[in-house]
Amino acid sequence: MKGRNMTRWRDPAKDPRQEPRSNLITAEGAERLRGILDHLSRVKRPALSARVGEAAALGDRSENADYTYNKKELNRVIARIRYLTKRLDELQVVDRLPADTGKVYFGAFVTLEDDAGEELRVRLVGHDETDTTKHWISVDAPLAKALLGKSLDDDVRVDAPGGATDYVITDIAYRDQRTAR
């Protein structure tokens, strides 16, 4: 029997969606999420509500594509507002430097060098602010877990599905030196 809410069964022990996520976030990330929530609540939702009202006033809703589309979009925005409100209450904002800035902790910019001499610069951030284009990785990611607590010039081995990779930590900073000019 197929239904709209039927999904394939997944073993909770092996399902990556069931893994616990840390509730850490940087101050900048929390501010960005608050900005998105504010925009959705004060700009997007009222505009969509007005469009739904205008479309509903036209009459027959069963054949009104404008009403159907805007109603679905409004429901999506309301769900996102509800999620962000709940998530912001759960998050713990990390807004100060660790006591030992010579080691890798949450919020650090870490420069790594692999065996081939290629450099990789990553930042350890919360799950809600990961960004692959900036190389901001979740603190729950395998690379981040391998880096936590390590010092400058430490060797790091990361086991990934494609095989193990060895890195050497060449720099640790808690401010992005490229943008702090």
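Scroll up a little and you will see the structure.
First, a word on scope: everything that follows refers to the structure included in this document. (Residues numbered from 1 in each chain as written. Predicted model: local features only at pLDDT ≥ 70, side-chain atom pairs only at ≥ 80, totals over all residues. Heavy atoms only, no water.)

## Description of the overall build of the chain
As a reminder, the rule being used: Secondary structure elements follow DSSP: runs of H or I of four or more residues count as helices, runs of E of two or more count as strands, with numbering from the N terminus. Only protein chains enter the calculation, and the probe is 1.4 Å; a residue is then buried if its accessible area is under 20% of its type maximum, exposed if over 50%, and partly exposed in between. Throughout, a residue-residue contact means that at least one pair of heavy atoms, one from each residue, lies within 4.5 Å.
Looking only at helices and strands, one finds three helices and seven strands in the chain. Listing the helices and strands of the chain from first to last along the sequence gives β-α-α-β-β-β-β-α-β-β. Looking at the chain as a whole, 31% of its 181 residues are labelled buried. Within the chain, counting contacts between residues at least 6 apart in sequence, those at least 24 apart form 56% of the total.

## Quick word on the packing of aromatic side chains
Note the cut-off: Each Phe, Tyr or Trp ring, with Trp reduced to its six-membered ring, pairs with another whose centre is within 6.5 Å; inter-plane angles below 30 degrees give stacked pairs, above 60 give edge-to-face pairs, and intermediate values give tilted ones. A ring is scored as having a charge over it whenever the NZ atom of a lysine or the CZ atom of an arginine sits within 6 Å of its centre and within 35 degrees of its normal.
Counted according to the given criterion, the structure contains zero aromatic pairs. Taking NZ or CZ as reference, Arg123 lies 5.0 Å from the ring centre of Trp136, over its face. Lys134 extends its terminal NZ or CZ atom over the ring of Trp136, reaching a point 4.5 Å from the ring centre.

## Topic: the sheet that holds strand 3 (residues 109-114)
Filter applied, for reference: Should DSSP find at least two bridges between two strands, the strands are taken to pair. The convention used is that axes are lines fitted to C-alpha atoms, helices contributing only their stretch in contact, and that angles between N-to-C directions extend from 0 to 180 degrees.
With mixed pairing, the five strands of this open sheet are ordered in space as 5-4-3-7-6. Of all strands in the sheet, those with a lone pairing partner are strand 5 (136-138) and strand 6 (155-160), marking the two edges. Each neighbouring strand pair of the sheet contributes to a mean axis angle of 45 degrees, computed without reference to strand direction. Here strand 6 pairs with strand 7 (residues 163-173) via six bridges, running antiparallel. In the sheet register, Asp159 faces strand 7, and the bridge partner there is Ala164.

## As for the environment of Arg123
Rules: Any pair of N or O atoms that falls within 3.5 Å is considered a polar contact. Within protein, one atom must be able to donate a hydrogen and the other to accept it, and sequence-neighbouring residues count only if both atoms are side-chain atoms.
Looking at where Arg123 falls in the secondary structure, it is placed in strand 4 (residues 119-125). A residue is classified by how much of its surface remains accessible, and Arg123, at 8% relative accessible area, is buried. The spacing of Arg123 and Tyr105 is 18 residues in sequence and 9.8 Å in space, taken between C-alpha atoms. In this view, Arg123 contacts Thr26, Glu28, Gly107, Ala108, Phe109, His135, Trp136 and Ile137; residues no more than four positions away in its chain are not counted. Reaching out from Arg123, the side chain makes a polar contact with the backbone oxygen of Gly107 at a distance of 3.2 Å.

## Here's the deal with the pairing of strand 4
On a regular strand, each side chain points to the face opposite its neighbour's, so the side chains alternate between the two faces of the sheet. Summarising burial for strand 4: five of the seven residues are buried, a large majority. The pairing of strand 3 with strand 4 spans five bridges and is classified as antiparallel. Looking across to strand 4, one finds that Phe109 is bridged to Arg123. Linking two consecutive strands that pair antiparallel, namely strand 3 and strand 4, is a turn of four residues; a positive phi of about 90 degrees is found at Gly117 within it. Examined bridge by bridge, strand 4 and strand 5 share three bridges and lie parallel to one another. Each residue of the ladder has a partner; that of Leu124, found in strand 5, is Ile137.

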